[in-house]
Amino acid sequence: MPFAPHFPVMLRTEDGVRIDAAHTAPRGAADKEIGIVVAHGFTGSWRERTARRIVHVLSETGGVVAFDFRGHGRSGGRSTVGDLEILDVDAAVRHARVIGYRRIAVMGFSMGAAVAVRHAALRGGVDAVVAVSGPARWYYRGTRPMRQVHWAIERPVGRWAARMAKRTRISSGRWDPLPMPPHEAAALISPVPLLVVHGDADAFFPLDHAHQLHEGAREPKELWIEPGFGHAESAATPELIRRIGKWISSNFS
């Protein structure tokens, strides 16, 4: 299936980091005023086939700005794994406004979900937030995949492996101060609507993360527990993405 055409753009964050991004125009009957910013998961990229498939489907709802977080792919800087990444989202949101979208939703996956929630709480300027497969709290190590993620973040050899295998450059410094966790940030999003989407087959974060994130938020909010759904972009079906697109457009009607 050919993907909708995209237009590469280089953004710059408030702290001077270059962000590799792309704009995909709305297709067909999509609302030309809706812009959707897509924030990928840790070690991901907007250039990956799974991410491009998601963008293609979302362009049925509105225009899409997808980007690589700092330290990922062709973007500059180093990953802070959810802290300064709110500035990356902010740059993408600003770009969506500049090119004419009047109503902006941010849709994040995994780490990107945590960043989307924190961005809406701490920076604002968005009209809807979707958190897919996101963590509610930091330092979770209760699953094998998350123990492997922490190895990649915390060990020099792990950071080397992430750089070589995934083109992900990770900062060696520790958080100081500790960023506000997503479940606390969720309380600050209202009155912007929040949709939390999580699968009961997620191998990274169990369902209690989704419940904690949803419970921490104020209305308007919604929680979808998806049977058989695994983790983030790789598990998201076109049908699920279309349903999320309909949720976004219904909150803008």
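The shown structure was predicted, so the numbers you read here are calculated from the model rather than taken from an experiment.

Here is what the cut-offs are and how they apply
Residues numbered from 1 in each chain as written. Predicted model: local features only at pLDDT ≥ 70, side-chain atom pairs only at ≥ 80, totals over all residues. Heavy atoms only, no water. Salt bridge = Lys/Arg side-chain N within 4 Å of Asp/Glu carboxyl O. Helix = DSSP H or I, 4+ residues; strand = E, 2+ residues; numbered from the N terminus. 1 Å grid on protein atoms, 1.4 Å probe; cavity = no way out; pocket = protein on both sides within 12 Å on 5 of 7 lines; lining within 4 Å. Points joined across faces, edges and corners; volume = space filled by probe spheres on them. Nonpolar A, V, L, I, M, F, W, Y, C, P; charged D, E, K, R; others polar. Pairing = 2+ DSSP bridges. Axes fitted to C-alpha atoms, helices over the stretch in contact; angles between N-to-C directions. Contact = heavy atoms within 4.5 Å.

Enquirer: How should the pattern of salt bridges be read in this particular structure?
Expert: Pairs can form between side chains of opposite charge once their charged atoms are near each other. All chains considered together, the criterion is met by 15 salt bridges. Residue E60 pairs with R242 through a salt bridge whose shortest N-O separation is 3.0 Å. Remark: R242 occurs in helix α9 (residues 238-251) and E60 occurs in the loop between α1 (49-58) and β4 (63-67); sequence separation between them is 182 residues.

Enquirer: Just to check I follow, could you spell out the layout of surface pockets for this structure?
Expert: The volume enclosed by the largest pocket comes to roughly 1200 Å³. If you go around the largest pocket, you meet 47 residues; those closest to its centre are F42, V81, M146, V149 and I153. Those elements that place two or more of their residues in the lining of the largest pocket are α3 (111-122), α4 (144-154), α5 (156-166) and α8 (232-235). Of the residues assigned to the lining of the largest pocket, the class counts are 22 nonpolar, 16 polar and nine charged.

Enquirer: Explain the sheet that holds strand β6 (residues 128-132) to me, please; I cannot follow it from the model alone.
Expert: Two orientations exist for strands paired in a sheet by backbone hydrogen bonds: parallel and antiparallel. Strand order in the open sheet formed by eight strands is β1-β2-β4-β3-β5-β6-β7-β8, with mixed pairing between adjacent strands. Every interior strand has two partners, whereas the edge strands, β1 (6-12) and β8 (221-226), have only one. In this sheet, neighbouring strand axes are inclined to one another by 20° on average, regardless of whether the strands run parallel or antiparallel. By the bridge criterion, seven bridges tie β1 to strand β2 (residues 18-24) in an arrangement that is antiparallel. Looking at β2, one finds that L11 is bridged to I19. Sheet contacts for α3: β3 (34-39), β5 (103-109), β6 and β7 (194-199); angle to β5, the most-contacted strand, approximately 145°. Strands β6, β7 and β8 of the sheet are contacted by helix α7 (residues 207-216), whose axis makes an angle of about 170° with β8.

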